[in-house]
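Residue strings, one per chain:
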Amino acid sequence: AKARAMAQKAEEEEDDDDFAADARQALRDRAAKTDSVFADDEERVALEGHRAGLYVRVRLEDVPRSFFDERDPARPIILGGLLPHECTPPSLLTARVRRHRWHGRILKARDPVVF
């Protein structure tokens with residue numbers, strides 16, 4: 001809340017007849033209108049789904065015990081899925097992997113990634 005207030009104050013100090021200022025104001029108006037439509041977060045999640053960057057709890061069933069016995073906690077598990085038409089060879093999947101704030105090492109361009 002404090003950072004948002006500081007950012008808004010900095011935006012107000014900028015020249016208001018600027019195109020960027022008009023665009024920011026339009027975004028703020030659209031966000032306010034969207035927030036006024038949804039009564040609570042549960043309704044928003046039911047209609048829009050979970051927003052990017054939120055943590056979700058995933059419950060896995062029928063996972064073999066060997067998965068947990070041999071798993072290294074230092075290596076993250078990446079969950080994802082493919083649509084039926086994406087499974088047919090040859091197909092290329094484009095993905096973006098971002099660094100998590102708790103993970104100490106940054107993934108470099110030539111580091112191997114095994115899926």
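For the structure itself, look to the data block above.
Here's a quick rundown of the structure. Everything quoted here is computed from the prediction, not taken from an experiment. (Residues numbered from 1 in each chain as written. Predicted model: local features only at pLDDT ≥ 70, side-chain atom pairs only at ≥ 80, totals over all residues. Heavy atoms only, no water.)

### A word on the overall build of the chain
Right, so step 1: When you go through the chain residue by residue, the secondary structure sums to 4 helices and 0 strands.
Right, so step 2: In terms of overall dimensions, the chain is more spread out than a globule: its C-alpha atoms have a radius of gyration of 21 Å, far above the 13 Å expected for 115 residues.
Right, so step 3: Residue burial in the chain is summarised as follows: out of 115 residues, 3% are buried.
Right, so step 4: Total accessible area on the chain stands at roughly 11700 Å², and carbon and sulfur atoms take up 55% of it. (Helix = DSSP H or I, 4+ residues; strand = E, 2+ residues; numbered from the N terminus. Rg over C-alpha atoms; globule rule 2.2 N^0.38 Å. Buried < 20%, exposed > 50% of the residue type's maximum accessible area, 1.4 Å probe, protein only. Areas by Shrake-Rupley, 256 points an atom, 1.4 Å probe, with all protein chains shown as cover.)

### Brief notes about unusual backbone geometry
Right, so step 1: One non-glycine residue, Asp 62, adopts positive backbone phi at about 60°.
Right, so step 2: In this fold, Asp 62 is placed in the loop between helix H3 (41-48) and helix H4 (65-69).

### Re the environment of Ile 106
Right, so step 1: Topologically, Ile 106 is positioned in the segment after H4.
Right, so step 2: When its relative accessible area of 46% is taken as the criterion, Ile 106 is described as partly exposed.
Right, so step 3: Setting aside its immediate chain neighbours within four residues, Ile 106 contacts Arg 99 and Asp 111. (Contact = heavy atoms within 4.5 Å.)

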